[in-house]
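If you want the building blocks of each chain, they are given just below.
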Amino acid sequence: MPLFINRDQMFAHQVHLLEHKLRSKEERILELETENAILHLRLAECLGKLRREPEEETKALTHLQHQRNVHKITRSALSKLLSGVQAVKQELSEIFAVYLSFATELEEKSKQLLEKVEQASCPLNGHCGDNVQNLQAHVAALERSLEEEKEKCRTERQRRKDLHNTLVELRGNIRVHCRVRPVLPFDQVESSTSASGPPEEVVTAMSDDTVMVNCFKTGMPVHNKFFEFERVHGPEDSQDAVFQEVRPLLTSLLDGYNVCIMAYGQTGSGKTHTMMGSRPLEENLGTQKDTQQGIIPKAAEELFRLISEKPAESHTVEVSVMEVYNNEVFDLLARDELGSDAGQRRDVITTSSGTIQVTSLTHQPVCNASEVMQIISSVLKFRAHCPTLIHPDSSRSHLVVNLTVSSKSPNALALAQRLQRAKRNMQHSTQKEWWSPRCRRANPTAQHSSDELFASSSSSPCPSPSLSPCPSPRPSMSQAPFKTKLQLVDLAGSECVGMSGVSGAALWEVSCINRSLSALADVLGALAEHRPHIPYRNSKLTHLLQDAIGGDAKLLLMLCVSPTQHFITESLQCLGLGTRARQIQKELPRRKNNTLKVK
C-alpha cells in the first residue's frame, strides 16, 4: 500500500513541475508577441520615413532651385545697375571736360572783349558810348553764363559724390575682400618636415570675386569648395592693387561717414604685410618703397592728399594707437609719470548716446602722413610679439589705429567770416547813419539778406537816433566741427596650439587670441541671423569695435589666407567667417552733419 502512495506523490510532483514549465513558456510567448508587435511598429515607422524622404528631398530641391533663380536675378540686376553707374561716371567725366574747355574759352573771350573795350574807349572819348555799353553787356552776359556753368559743375560734382556713396552701399555695408598670399620660404620648411616635394597649393583665386579651395582626402574623390566675395586678390596682386579697392572708402570718410578696415586671418597669412607693409617702417617714411607700403601708410597719405584739395584749415586729424592684449585694452601713446612711453590699460565704456568710448585715450594731432607713420613706428615696439613654429615674429595682440578727422563746412566757414566782418563794420559805424540807404532797414533787399544771415525776427524802427533800428549782429558765431573716424585694425592671427608649439605664458596669449576671435565670429553670426541679443561684451575686442561692426560705419573685412595644404583648416575657417559677414544686413550708414552754433 505505501508503494502506491509514493507513486501518486511522485506523479503529482511531476504534474506540478510540468504546469510550472507551461506557465513559463506561456509568459515567454507573451514576451515574444510583445516584442513582435514593437518590431512591427518600428517597421511601420521606417516605412513611413522612407515614403516621406523623397517628398522632403523634392521640396528641398525645389526651394534650392528657387533660391538660385532669385540669386541670378539679383546678380543680373546689380550688374545692370553697376554698368549704369559706370556709364553715368563716364558721362560726368565728359561733361566736366566740356565744361573745362568752355570755361577756358569764355575766359579768353572775356579778356579779348575787355581789351577791345579799353582800346575803343581811349580814342573815341565817349562818342561810341552805345557800342561800349553793348560790349559791356555782352561781357556781363558771358560772365553770367560762366557762373551758370560753374554752378552746373558743382551740381555734377555733388551728383558724382552721391553716386559714389550709392555704389559703395550697393557693394554692401560690410564689404569682404580676400587676399591669397604666395608660397613663402617657411612653407617650404614645413613641407619638407611633413612630406617630400614642394608644398601643394590648394587655395586658388579663380577670378576677381571667387576663391576655390581644393578639399581632398586619401582614398576620397576630390571636392572643391567655392567662396565669393566683393574682391579677391591673388598672389600676383601688388600692394597698390589692393589699396586701389580701399581708396574709395577714404572719400566716404571726408563725406562724413565712419570707416573701418580690418585684416583677419591665421598666423603667417600676411595680415601685417597687407596693413603695414613688408617690413617695419623706419622713422623716415621715405625709406620704404611705395610699392611695399601697406594699407595704413597709403591710407594716411591718401587722406592728407584729399584734405589738401579742401579749403585751408577746414580739416584737422588726430591719431591714437591701441592694442588688445590678453583681453585688455592698452593705450600705446600714453606716457607714465616720468614722461617715458609706456602702454597703459584703458577701459571701454558705452556712453549715454550708445557710442563706444575708450576712457583717457591719448590723441596726438598730425599734419601729414609722415607724422602719422612716425608715431605708429615709434609705438610698434610696445606691441607684444612672440616667435612660434609657424612664424618667427608672430603678433600676440590686436592693433587698432584710429585717425579722427574733424571737419568744418567751407560754406559755413565763409558765412562765419562774413558775419564777423559785418560785426566790425557796424561797430565802426556812427549812430547818425541809421537812416542811410545802406542801412538794412532802409533797403528791403539788404534787409532780406540780413534776415537770412542773422535769422533774427523783424522789429519796428526806433524813434530815436540813439537806438539804431539796424539790429546788431550776435556777439559771436562758432562752428561745431563734426568728427569722422577711420579705424585700421590688424588682428592677431588665429592658430592651433599644436601647430604653433607654444607653452607657458605664450599658451595663455594664444588662448586669449582665439577666444577674442571666436567672440568676433559669434557677433558676426548673431548679426547675420538677426538675433535679438548681440554678444559684444563677451570680449574687449568686440566691445571696442562695436560701432564699426554693428553700428553705422562702413566696414571692410580683409581676409588673408595661406594657399598651402598645411593650413587648409584655418583657411576654410577664415573663408567661412567672411561668408557669414557678407550675410549681415546692417542699417544704412549715417552721415555726420555739422551745425553752426550761435552764441
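Residues numbered from 1 in each chain as written. Predicted model: local features only at pLDDT ≥ 70, side-chain atom pairs only at ≥ 80, totals over all residues. Heavy atoms only, no water.

1. Some details on the overall build of the protein chain
Across its full length, the protein chain holds 14 helices and 19 strands. Relative to its 599 residues, the protein chain shows a buried fraction of 38%. Of the contacts formed within the protein chain by residues at least 6 apart in sequence, a portion of 71% connects residues at least 24 apart. Total accessible area on the protein chain is roughly 34900 Å²; 55% of this is exposed by carbon and sulfur atoms. (Helix = DSSP H or I, 4+ residues; strand = E, 2+ residues; numbered from the N terminus. Buried < 20%, exposed > 50% of the residue type's maximum accessible area, 1.4 Å probe, protein only. Contact = heavy atoms within 4.5 Å. Areas by Shrake-Rupley, 256 points an atom, 1.4 Å probe, with all protein chains shown as cover.)

2. Structural notes on a negative patch on the surface
Taken together, the side chains of E53, E55, E56 and E57 define an acidic patch exposed on the protein surface. Relative to the assigned elements, E55 resides in helix α1 (residues 2–124). (Patch = residues over 30% accessible without salt bridge, like charges linked within 9 Å, V, L, I, M, F, W, Y side chains within 5 Å. Salt bridge = Lys/Arg side-chain N within 4 Å of Asp/Glu carboxyl O. Lys, Arg positive; Asp, Glu negative; His and termini not counted. Charge placed at Lys NZ, Arg CZ, Asp CG, Glu CD.)

3. Things to note about the packing of aromatic side chains
Tallied over the full model, the rule gives one aromatic pair. With centroids separated by 6.1 Å and ring planes inclined at 40°, the aromatic side chains of F96 and Y99 adopt a geometry described as tilted. Residue F96 and its partner Y99 are located together in helix α1, separated by three residues, close to a single helical turn. If you follow K554 out to its NZ or CZ, it ends over the ring of Y257, 4.2 Å from the centre. (Phe/Tyr/Trp six-rings, centres within 6.5 Å; stacked < 30°, edge-to-face > 60°. Lys NZ or Arg CZ within 6 Å of the ring centre and 35° of its normal.)

4. Side note on the nonpolar core
Counting residues in each nonpolar core, the largest one holds 52 residues, and the members touching the most others are C178, F229, M262, Y264, L559 and L575. In contact with L559, not counting residues within four places along its chain, are V176, H177, C178, R179, F229, Y264, C574, L575 and G578. Grouped together as the second largest cluster of nonpolar side chains are 41 residues, V259, V372, L486 and L556 included. (Core = buried A, V, L, I, M, F, W, Y, C linked by side-chain atoms within 4.5 Å.)

5. What to know about the confidence of the model for the protein chain
On average, residues of the protein chain score 79 in pLDDT, and 74% of them are at 70 or above. Of all secondary-structure elements in the protein chain, the lowest mean pLDDT belongs to helix α9 (residues 444–454), at 41, while strand β12 (residues 364–366) reaches the highest, 94. Contacts for the low-pLDDT stretch residues 280–287, under 50 throughout, to residues beyond four places or in other chains number 13 contacts. This stretch, residues 430–478, has a pLDDT under 50; its non-local contacts, to residues over four places away or in other chains, come to 61 contacts. (pLDDT = per-residue confidence, 0-100.)

6. Comments concerning the pairing of strand β7 (residues 315–325)
A regular strand carries its side chains on alternate faces of the sheet. Burial of β7 is extensive: eight of the eleven residues sit out of reach of the surface. Examined bridge by bridge, β7 and strand β15 (residues 398–407) share ten bridges and lie antiparallel to one another. When the bridges of β15 are listed, E318 appears paired with T404. Pairing analysis gives three bridges linking β7 to β12, with the strands arranged antiparallel. Bridging from a neighbouring strand, E318 pairs with P365 of β12. Alignment of β7 against strand β8 (residues 328–331), held across four bridges, turns out to be antiparallel. (Pairing = 2+ DSSP bridges.)

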